[in-house]
Amino acid sequence: MQLHLKKFTLPLNHTFSISRESHDFQDTLIVGLTLNGQTGYGEATSNPYYGITTESMIREIEAIRHDIETFDFSSPDTFYRFLVQNNLSNFTICALDLASHDLYGKLLGKPLYEIWGTTIDHYPITNYTIGLADTATMVSKMQERPWPIYKIKLGTANDLQIIRELRKHTRAIFRIDANCAWSAKETITNAPELKDLGVEFLEQPLKADDWSGMEKVAHNCVLPVIADESCIVASDVEKCALFFNGINIKLTKCGGLTPALQMIKEAKSHGLKVMVGCMTESTVGISAIAQLAPQLDYVDMDGAMLLKQDIAQGILIHENGVLEYPKLGGSGITLL
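Calculation rules
- Residues numbered from 1 in each chain as written.
- Predicted model: local features only at pLDDT ≥ 70, side-chain atom pairs only at ≥ 80, totals over all residues.
- Heavy atoms only, no water.
- Helix = DSSP H or I, 4+ residues; strand = E, 2+ residues; numbered from the N terminus.
- Rg over C-alpha atoms; globule rule 2.2 N^0.38 Å.
- Buried < 20%, exposed > 50% of the residue type's maximum accessible area, 1.4 Å probe, protein only.
- Contact = heavy atoms within 4.5 Å.
- Lys, Arg positive; Asp, Glu negative; His and termini not counted.
- Charge placed at Lys NZ, Arg CZ, Asp CG, Glu CD.
- Pairing = 2+ DSSP bridges.
- Axes fitted to C-alpha atoms, helices over the stretch in contact; angles between N-to-C directions.
- 1 Å grid on protein atoms, 1.4 Å probe; cavity = no way out; pocket = protein on both sides within 12 Å on 5 of 7 lines; lining within 4 Å.
- Points joined across faces, edges and corners; volume = space filled by probe spheres on them.
- Arc of directions from axis to C-beta.
- Salt bridge = Lys/Arg side-chain N within 4 Å of Asp/Glu carboxyl O.
- Parallel < 35°, antiparallel > 145°, perpendicular 65-115°, else oblique.
- Left-handed = near helix turned anticlockwise from the far one by under 90°.
- Nonpolar A, V, L, I, M, F, W, Y, C, P; charged D, E, K, R; others polar.

## Notes on the overall build of the protein
Working step 1: Helices and strands together make up the secondary structure of the protein, namely 13 helices and 15 strands.
Working step 2: Its C-alpha atoms give the protein a radius of gyration of 19 Å, within 12% of the compact-globule value 20 Å for 336 residues.
Working step 3: The principal-axis extents of the C-alpha atoms in the protein amount to approximately 55 × 40 × 40 Å.
Working step 4: Considering the protein as a whole, with its 336 residues, one finds that 58% of them fall into the buried category.
Working step 5: Considering only contacts in the protein between residues 6 or more positions apart, those separated by 24 or more positions represent 65%.
Working step 6: With 29 positive and 40 negative side-chain charges, the protein shows a spacing of 3 Å between the two charge centroids.

Written out as structure tokens, the structure is:
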């Protein structure tokens, strides 16, 4: 195989803020794997919360470039096992794993969802994320992009007032993501009014390791709670099943499509709702998520919608939330 690496800095339409950070640009690494005239693409973004930079991922990949390029590629599963043996970060593994899946599907001439035995007859509508800002700005962002489901980033002393104000301007479903900023008491206290205001569920309200707090929430919260920061890899799913109603899988955090498929199966075996989320990826990463959509209860794949300028073609998300899948095999990605 031939290996190609390219770093991009993706400009965002608006400053994107959550409870712990803000940014106007997103650094991302695109990996290309070429074999027999076909190129598969994968992506992983930088992430300060997890100590990941594009430079750190490039260093890891370059250290095993020869081994990658001489690997006898036959399937994403065998390639993933090879990657894990090299002690790479999950973000780095993700970029390579996504590229291998896209390549594999292109070599077979089939989309991944078909290879996995699913169809695109039914899939959840993605939410559109409203980053944390002053209330007027958040209202303006909603009005700029009318959408049936919004994920609202919170984590302030005025969170209930924000949702009261946003509700005046839309009848859309709300999902709340406090990104670990609330206490158990806040979560339990806020939930009844949030439910009345049309909130569907709460995502990761408590710190990732606050299991005693989550036990209180599990027994007393009137809204479903979805794990994000508490559920990184497949081995986290069983514990999360004791405290959460569902999990949000991030491809970058778990290591790509291969472990994500395992996490979906594991979560469903425990009766959990399954969501896959994004990290403000370009259409490269979002197109990989789209291949999983038929297996999901919820999906957050609006990353490329938040960009001022994209770098790839693949899945198309129409204004009504309908997905238009590419004609190419794999994840159907081409770089612009």
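## Things to note about the sheet that holds strand β7 (residues 199–203)
Working step 1: What the eight strands build is an open sheet, ordered β4-β5-β6-β7-β8-β9-β10-β11; its pairing is parallel. The sheet terminates laterally at β4 (128–130) and β11 (298–299), the two strands that pair on one side only.
Working step 2: The sheet strands contacting helix α7 (residues 159–167) are β5 (149–153) and β6 (173–177), and the helix crosses β6 at an angle near 160°.

## Quick notes on the sheet that holds strand β2 (residues 22–35)
Working step 1: Sheet architecture is open: three strands sit in the order β1-β2-β3, paired in antiparallel fashion. Each edge of the open sheet is held by one strand with a lone partner, namely β1 (2–17) and β3 (38–45). Ignoring strand direction, the axes of neighbouring strands in this sheet form an average angle of 25°.
Working step 2: Here twelve bridges tie β1 to β2, and the two strands are oriented antiparallel to one another.

## Observations regarding empty space enclosed by the protein
Working step 1: Tallying each qualifying case throughout the model produces one cavity of 30 Å³ or more.
Working step 2: Computed from the structure, the largest cavity encloses a volume of approximately 110 Å³.
Working step 3: In terms of lining, the largest cavity is formed by L12, N13, H14, T15, F16, Y128, T129, G131, K141, T280 and L306.
Working step 4: Of all the secondary-structure elements, those providing two or more residues to the lining of the largest cavity are β1 and β4.
Working step 5: Among the elements that line the lining of the largest cavity, the one with the most residues is β1, at five residues.

## Remarks on helix α6 (residues 135–144)
Working step 1: All of the buried residues in α6 are M138, V139, K141 and M142. End-on view of α6: buried residues confined to an arc of 160°, all on one side of the axis. Away from its buried face by more than 90 degrees, α6 exposes A136 and Q143.
Working step 2: The inward-facing, buried residues of α6 abut β1, β4, β5, α7 and β6.

## Quick word on the pattern of salt bridges
Working step 1: What the rule picks out here adds up to 15 salt bridges.
Working step 2: R65 is paired through a salt bridge with E69; the nearest N and O atoms lie 3.2 Å apart. Of the two residues, R65 and E69 are both situated in helix α2 (residues 65–69); the distance of four residues between them amounts to about one turn of the helix.
Working step 3: Exposure remark for E69: the relative accessible area of 29% places this residue in the partly exposed category.
Working step 4: The partner of D177 in a salt bridge is K153, and the shortest N-O contact between them spans 2.7 Å. Pair noted here: D177 is in strand β6 and K153 is in strand β5, with a separation of 24 residues, a long-range link. Here D177 and K153 have matching classes, each one buried.
Working step 5: Members of the salt-bridge network, linked through shared partners, are K151, K153, D177, E203 and D300.

## Some points on the environment of K273
Working step 1: Within the secondary structure layout, K273 lies in strand β10 (residues 273–277).
Working step 2: Classification of K273 by relative accessible area gives partly exposed; the value is 40%.
Working step 3: For the pair K273 and F174, spaced 99 residues apart in the sequence, the C-alpha separation amounts to 17 Å.
Working step 4: Residues contacting K273, with those up to four places away along its chain left out, are N245, G246, I247, D297 and Y298.

## Re the packing of helix α1 (residues 54–63) against helix α4 (residues 90–108)
Working step 1: Closest axis-to-axis distance for the α1/α4 pair is 9 Å, and the angle between their directions is 65°. When the axis of α1 is compared with that of α4, the two are roughly perpendicular. Of the two possible hands of crossing, α1 and α4 adopt the one that is right-handed. Packed against α1, whose contacting residues are M57, E60 and I61, the element α4 presents F91, T92 and L96 at the interface.
Working step 2: A per-class count over the contact of α1 with α4 returns four nonpolar, one polar and one charged.

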